[in-house]
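The residues making up each chain are set out below.
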Amino acid sequence: MEEDLQPKKLCDIIVPTYNKMEHTQNFVKSFLSHTVVPSRVIFVDNGSGDGTREYLSTLTDTSVHSFTVILNNENKGYAPAMNQGLAMSDAPYVCFSNNDVIFTQGWLEEVILTFKEFPDIGLLNPNSNNLNIKPKEGESIDVLSERLRKTYVKGSFVDMPFCIGFCMVVKRITVDAVGGLDEAFAPMYFEDTDYSRRVHKAGYRLGIARRAYVWHHEGGSSQQLGKEREVLF
(Lines give C-alpha, C1' and ligand atoms only; values in the text may rest on other atoms or scores of the structure.)
Protein backbone atom coordinates (compact mmCIF):
# COMPACT_ATOMS: atom_id res chain seq x y z
CA MET A 1 0.00 0.00 0.00
CA GLU A 2 2.85 2.41 0.83
CA GLU A 3 4.33 1.97 -2.64
CA ASP A 4 1.05 3.15 -4.16
CA LEU A 5 1.39 6.43 -2.27
CA GLN A 6 4.88 7.15 -3.59
CA PRO A 7 5.17 9.62 -6.49
CA LYS A 8 6.14 8.21 -9.87
CA LYS A 9 9.92 8.07 -10.17
CA LEU A 10 11.24 10.45 -12.84
CA CYS A 11 14.86 9.35 -12.68
CA ASP A 12 16.79 6.16 -11.96
CA ILE A 13 20.26 6.96 -10.61
CA ILE A 14 22.69 4.09 -11.11
CA VAL A 15 25.73 4.07 -8.83
CA PRO A 16 28.50 1.45 -8.81
CA THR A 17 30.32 1.07 -5.50
CA TYR A 18 33.62 -0.54 -4.63
CA ASN A 19 34.80 0.20 -1.09
CA LYS A 20 35.24 3.88 -0.13
CA MET A 21 32.17 3.66 2.13
CA GLU A 22 32.60 7.25 3.33
CA HIS A 23 32.05 8.49 -0.23
CA THR A 24 28.85 6.49 -0.52
CA GLN A 25 27.59 7.79 2.81
CA ASN A 26 28.26 11.39 1.75
CA PHE A 27 26.61 10.68 -1.60
CA VAL A 28 23.41 9.49 0.08
CA LYS A 29 23.36 12.35 2.58
CA SER A 30 23.75 15.04 -0.09
CA PHE A 31 21.32 13.30 -2.44
CA LEU A 32 18.56 13.17 0.15
CA SER A 33 19.21 16.76 1.23
CA HIS A 34 19.33 18.32 -2.23
CA THR A 35 17.11 16.27 -4.55
CA VAL A 36 13.36 16.84 -4.72
CA VAL A 37 12.73 15.10 -8.04
CA PRO A 38 11.20 11.67 -7.21
CA SER A 39 13.99 9.20 -7.96
CA ARG A 40 15.23 5.68 -7.38
CA VAL A 41 18.90 5.11 -6.56
CA ILE A 42 20.17 1.76 -7.83
CA PHE A 43 23.44 0.83 -6.12
CA VAL A 44 25.52 -1.90 -7.76
CA ASP A 45 28.22 -3.05 -5.37
CA ASN A 46 31.26 -4.67 -6.95
CA GLY A 47 32.36 -6.86 -4.04
CA SER A 48 33.24 -4.23 -1.44
CA GLY A 49 34.93 -5.46 1.72
CA ASP A 50 34.96 -2.32 3.86
CA GLY A 51 31.41 -2.31 5.22
CA THR A 52 29.83 -0.68 2.15
CA ARG A 53 27.53 -3.65 1.55
CA GLU A 54 26.33 -3.61 5.14
CA TYR A 55 25.75 0.14 4.95
CA LEU A 56 23.72 -0.19 1.74
CA SER A 57 21.50 -2.77 3.46
CA THR A 58 20.45 -0.12 6.00
CA LEU A 59 19.05 2.31 3.40
CA THR A 60 15.29 2.76 3.56
CA ASP A 61 12.87 4.37 1.14
CA THR A 62 11.48 7.84 1.80
CA SER A 63 8.21 9.38 0.69
CA VAL A 64 10.03 10.70 -2.41
CA HIS A 65 12.96 8.40 -3.10
CA SER A 66 13.62 4.67 -3.11
CA PHE A 67 16.74 2.50 -3.01
CA THR A 68 17.60 -0.74 -4.78
CA VAL A 69 20.83 -2.65 -4.09
CA ILE A 70 22.52 -5.20 -6.36
CA LEU A 71 25.38 -7.16 -4.81
CA ASN A 72 28.13 -8.64 -6.99
CA ASN A 73 30.66 -11.07 -5.57
CA GLU A 74 33.48 -9.57 -7.63
CA ASN A 75 34.52 -6.26 -9.12
CA LYS A 76 32.92 -6.37 -12.55
CA GLY A 77 33.99 -2.87 -13.45
CA TYR A 78 32.17 0.37 -14.18
CA ALA A 79 30.38 -0.39 -17.46
CA PRO A 80 29.09 -3.87 -16.53
CA ALA A 81 27.81 -2.54 -13.18
CA MET A 82 26.08 0.37 -14.87
CA ASN A 83 24.45 -1.99 -17.36
CA GLN A 84 23.21 -4.18 -14.51
CA GLY A 85 21.45 -1.18 -13.06
CA LEU A 86 20.22 -0.06 -16.46
CA ALA A 87 18.55 -3.45 -16.99
CA MET A 88 16.37 -2.68 -13.93
CA SER A 89 15.66 0.91 -14.93
CA ASP A 90 12.32 2.10 -16.30
CA ALA A 91 12.23 5.82 -15.43
CA PRO A 92 11.99 8.59 -18.08
CA TYR A 93 15.54 9.68 -17.20
CA VAL A 94 18.64 7.74 -16.18
CA CYS A 95 21.65 9.14 -14.33
CA PHE A 96 24.98 7.31 -14.51
CA SER A 97 26.83 8.48 -11.40
CA ASN A 98 29.96 7.78 -9.42
CA ASN A 99 29.56 7.31 -5.68
CA ASP A 100 32.08 10.08 -4.96
CA VAL A 101 29.92 13.05 -5.96
CA ILE A 102 28.23 15.62 -3.73
CA PHE A 103 24.97 17.17 -4.92
CA THR A 104 23.74 20.74 -4.52
CA GLN A 105 20.21 22.11 -4.41
CA GLY A 106 18.19 21.83 -7.58
CA TRP A 107 20.74 19.87 -9.59
CA LEU A 108 18.35 17.29 -11.02
CA GLU A 109 15.41 19.67 -11.52
CA GLU A 110 17.65 21.88 -13.64
CA VAL A 111 18.99 18.98 -15.72
CA ILE A 112 15.46 17.75 -16.47
CA LEU A 113 14.31 21.31 -17.23
CA THR A 114 17.15 21.65 -19.74
CA PHE A 115 16.07 18.44 -21.48
CA LYS A 116 12.56 19.82 -21.73
CA GLU A 117 13.76 23.18 -23.07
CA PHE A 118 15.83 21.49 -25.79
CA PRO A 119 14.14 18.27 -27.01
CA ASP A 120 17.11 17.46 -29.27
CA ILE A 121 19.45 17.02 -26.28
CA GLY A 122 20.12 13.39 -25.42
CA LEU A 123 22.84 13.48 -22.76
CA LEU A 124 23.81 16.03 -20.10
CA ASN A 125 26.39 16.70 -17.43
CA PRO A 126 25.65 19.09 -14.58
CA ASN A 127 28.31 21.73 -14.07
CA SER A 128 31.15 20.55 -11.82
CA ASN A 129 34.72 21.02 -10.66
CA ASN A 130 35.28 18.09 -13.02
CA LEU A 131 34.48 20.62 -15.76
CA ASN A 132 36.71 23.30 -14.22
CA ILE A 133 33.89 25.17 -12.43
CA LYS A 134 35.26 25.48 -8.92
CA PRO A 135 34.35 27.53 -5.84
CA LYS A 136 36.15 30.80 -5.23
CA GLU A 137 38.45 30.98 -2.21
CA GLY A 138 36.33 30.59 0.90
CA GLU A 139 33.19 29.76 -1.08
CA SER A 140 31.20 26.60 -0.38
CA ILE A 141 29.78 24.48 -3.19
CA ASP A 142 26.28 25.44 -2.03
CA VAL A 143 27.10 29.14 -2.45
CA LEU A 144 28.67 28.40 -5.83
CA SER A 145 25.53 26.55 -6.85
CA GLU A 146 23.36 29.49 -5.85
CA ARG A 147 25.65 31.85 -7.79
CA LEU A 148 25.27 29.73 -10.93
CA ARG A 149 21.48 29.78 -10.58
CA LYS A 150 21.59 33.59 -10.38
CA THR A 151 24.05 33.90 -13.28
CA TYR A 152 22.22 31.77 -15.84
CA VAL A 153 18.57 31.60 -16.86
CA LYS A 154 16.69 28.35 -16.38
CA GLY A 155 17.55 25.79 -19.03
CA SER A 156 20.94 27.36 -19.86
CA PHE A 157 22.95 24.87 -21.88
CA VAL A 158 26.31 24.69 -23.63
CA ASP A 159 27.12 22.12 -26.33
CA MET A 160 30.07 19.81 -25.71
CA PRO A 161 31.73 17.13 -27.87
CA PHE A 162 31.25 14.54 -25.12
CA CYS A 163 29.98 14.09 -21.56
CA ILE A 164 31.92 12.70 -18.61
CA GLY A 165 30.68 9.70 -16.64
CA PHE A 166 31.10 11.12 -13.12
CA CYS A 167 27.44 12.17 -13.32
CA MET A 168 25.67 12.15 -16.67
CA VAL A 169 21.95 12.04 -17.30
CA VAL A 170 20.35 10.51 -20.38
CA LYS A 171 16.76 10.49 -21.61
CA ARG A 172 14.93 7.15 -21.80
CA ILE A 173 14.26 7.66 -25.51
CA THR A 174 18.01 8.04 -26.03
CA VAL A 175 18.75 4.87 -24.06
CA ASP A 176 16.25 3.06 -26.25
CA ALA A 177 18.11 4.32 -29.32
CA VAL A 178 21.73 3.63 -28.30
CA GLY A 179 21.53 0.99 -25.53
CA GLY A 180 23.88 0.73 -22.57
CA LEU A 181 27.59 1.26 -22.07
CA ASP A 182 30.05 -0.78 -24.12
CA GLU A 183 31.56 -3.38 -21.79
CA ALA A 184 34.62 -3.70 -24.02
CA PHE A 185 35.94 -0.76 -21.99
CA ALA A 186 35.81 -2.76 -18.73
CA PRO A 187 36.94 -2.31 -16.05
CA MET A 188 36.97 1.50 -16.62
CA TYR A 189 37.93 4.55 -18.67
CA PHE A 190 36.55 6.02 -21.91
CA GLU A 191 33.22 4.20 -21.85
CA ASP A 192 31.63 7.62 -21.31
CA THR A 193 33.42 9.08 -24.35
CA ASP A 194 32.27 6.15 -26.46
CA TYR A 195 28.71 6.55 -25.19
CA SER A 196 28.77 10.25 -26.02
CA ARG A 197 29.87 9.52 -29.58
CA ARG A 198 27.05 7.00 -29.98
CA VAL A 199 24.49 9.47 -28.63
CA HIS A 200 25.74 12.11 -31.07
CA LYS A 201 25.70 9.63 -33.94
CA ALA A 202 22.05 8.89 -33.10
CA GLY A 203 21.27 12.55 -33.79
CA TYR A 204 21.23 14.04 -30.30
CA ARG A 205 23.06 17.02 -28.85
CA LEU A 206 24.98 16.73 -25.62
CA GLY A 207 26.61 19.09 -23.18
CA ILE A 208 26.31 20.86 -19.82
CA ALA A 209 23.28 22.11 -17.89
CA ARG A 210 24.87 25.29 -16.58
CA ARG A 211 22.61 25.95 -13.57
CA ALA A 212 23.04 22.43 -12.14
CA TYR A 213 26.09 21.70 -9.99
CA VAL A 214 27.69 18.66 -8.38
CA TRP A 215 31.11 18.29 -6.80
CA HIS A 216 33.21 15.29 -7.80
CA HIS A 217 36.03 13.79 -5.76
CA GLU A 218 38.00 13.03 -8.91
CA GLY A 219 39.57 9.60 -8.89
CA GLY A 220 37.99 8.75 -5.55
CA SER A 221 37.44 5.12 -6.46
CA SER A 222 40.14 4.52 -9.06
CA GLN A 223 42.89 5.64 -6.66
CA GLN A 224 42.47 2.28 -4.96
CA LEU A 225 44.08 0.69 -8.02
CA GLY A 226 47.47 2.32 -7.48
CA LYS A 227 49.87 1.87 -10.40
CA GLU A 228 47.32 -0.33 -12.20
CA ARG A 229 45.25 2.81 -12.72
CA GLU A 230 47.81 4.24 -15.16
CA VAL A 231 48.05 0.96 -17.01
CA LEU A 232 44.27 0.77 -17.43
CA PHE A 233 44.11 4.40 -18.59
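Just so you know, these numbers come straight off a predicted model, no measurement behind them.

Engineer: Lay out the pairing of strand β3 (residues 66–72) in plain terms, naming residues and giving numbers.
Structural biologist: Extensive coverage of β3 is indicated by the burial of 5 of its 7 residues. Where strand β2 (residues 39–46) lies against β3, 7 bridges are found, and the strand directions are parallel. In the strand pairing of β3, Arg 40 is matched with Ser 66.

Engineer: Which residues make up unusual backbone geometry, and what values go with them?
Structural biologist: Most peptide bonds take the trans form, and the phi angle of most residues other than glycine is negative. The backbone of Asn 19 sits at a positive phi, close to 60 degrees, despite the residue not being glycine. Unusually for a residue other than glycine, Asn 132 sits at a positive phi of about 70 degrees. As for its placement among the helices and strands, Asn 132 is situated in the loop between β6 (121–128) and α6 (141–151).

Engineer: Can you tell me about the packing of aromatic side chains, naming the residues and giving the values?
Structural biologist: Each aromatic ring pair is characterised by the separation of its centres together with the angle its planes make. Applying the stated criterion across every chain, the model contains 9 aromatic pairs. Aromatic side chains Phe 118 and Phe 157 sit 5.7 Å apart centroid to centroid with 40 degrees between the ring planes, which places their arrangement in the tilted category. You can see Phe 118 sitting in the loop between α5 (107–117) and β6 and its partner Phe 157 sitting in strand β7 (residues 157–159), a full 39 residues away along the chain. We classify Phe 118 as partly exposed; its relative accessible area is 27%. You can call Phe 157 buried: its relative accessible area is 14%. Through successive ring pairs, a cluster of aromatic residues spans Phe 27, Phe 31, Phe 43, Phe 67, Phe 103 and Trp 107.

Calculation rules
- Residues numbered from 1 in each chain as written.
- Predicted model: local features only at pLDDT ≥ 70, side-chain atom pairs only at ≥ 80, totals over all residues.
- Heavy atoms only, no water.
- Buried < 20%, exposed > 50% of the residue type's maximum accessible area, 1.4 Å probe, protein only.
- Helix = DSSP H or I, 4+ residues; strand = E, 2+ residues; numbered from the N terminus.
- Pairing = 2+ DSSP bridges.
- Phe/Tyr/Trp six-rings, centres within 6.5 Å; stacked < 30°, edge-to-face > 60°.

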